[in-house]
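# Coordinate inspection notes
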Amino acid sequence: MDVISFDRYVLMGMKTFSKTSHFHCMDVVLYDRGDEYLLLLQKELLHYIVNGDDSSFLCLFSPLVRRVHKSSPLQEISYELELFQRNLNEPRIRKAHLSNVENNVLLALLACKTNYEISSLFSFNSKISSNYKNIVLHKLKLNSLSELLLIYNTWRKYRTLFGIEYFSMQYNNAK
């Protein structure tokens, strides 16, 4: 089990956890997405997310990815890993479903556009742009735009710091 996190407490806790559990040999990545959640995903999906285009980070919100709160007890993390291990045969590369307009609004939000700028960009009322923003956040199960930007910037930071070559090397060595 690989752990990708900038949080030392998460890294230390998972190191201790992997020594005492049978999950250390699993082909799974525990990914700290930057907010208070850790994601359980396959290395194949991580490879796709890092090597894909800029919208591939939407796979982090896929309903097929298991999500665990950082402050969860180790028993709960162990339970989530067991569930994840049982469902390894399911296809793992699936993005959160957004319509074309919602996807365009998401890209504008990630570019730090305001509701007014989004409404003028797509030629609709600023209230409609606010509604689309709320719909996107709801579909991604996020509470605020700042959470979305934090997750997106963390993903970009991992991608820049480790580089596509690093993830490709890790992925190919795992096979």
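This text follows the structure it describes.
Residues numbered from 1 in each chain as written. Predicted model: local features only at pLDDT ≥ 70, side-chain atom pairs only at ≥ 80, totals over all residues. Heavy atoms only, no water.

### Overview of the packing of aromatic side chains
- According to the stated counting rule, one finds three aromatic pairs in the structure shown.
- Judged by centre distance (6.0 Å) and plane angle (20°), the ring pair of phenylalanine 122 and phenylalanine 124 falls under stacked.
- Note on phenylalanine 122: relative accessible area 27%, which makes it partly exposed.
- Feature note: the residues Phe122, Phe124 and Tyr132 constitute an aromatic cluster, connected by ring pairs. (Phe/Tyr/Trp six-rings, centres within 6.5 Å; stacked < 30°, edge-to-face > 60°. Buried < 20%, exposed > 50% of the residue type's maximum accessible area, 1.4 Å probe, protein only.)

### Quick notes on unusual backbone geometry
- For cysteine 112, which is not a glycine, the phi torsion comes out positive at approximately 65°.
- Considering the arrangement of structural elements, one finds cysteine 112 in the loop between α4 (100-110) and α5 (115-122).
- The phi angle at lysine 141 is positive, at roughly 60°, despite the residue not being glycine.
- Inspection of the secondary structure assignment puts lysine 141 in the loop between α6 (126-139) and α7 (145-174).
- With relative accessibility at 59%, the residue lysine 141 sits in the exposed group. (Helix = DSSP H or I, 4+ residues; strand = E, 2+ residues; numbered from the N terminus.)

### Some remarks on the pattern of salt bridges
- One pass over the full model with this rule turns up five salt bridges.
- Among the salt bridges present, the one from aspartate 35 reaches arginine 33, with a minimum N-O distance of 3.0 Å. Pair check on accessibility: aspartate 35 and arginine 33 agree, each one buried.
- In this structure, the salt-bridge partner of glutamate 80 is arginine 66, at a minimum N-O distance of 2.7 Å. Here glutamate 80 is found in helix α3 (residues 74-86), whereas its partner arginine 66 is found in strand β4 (residues 66-69), with 14 residues between them in sequence.
- Exposure remark for glutamate 80: the relative accessible area of 11% places this residue in the buried category.
- Judged by its relative accessible area of 26%, arginine 66 is partly exposed.
- Among the charged side chains, a network of salt bridges with common partners joins Asp7, Asp32 and Lys70. (Salt bridge = Lys/Arg side-chain N within 4 Å of Asp/Glu carboxyl O.)

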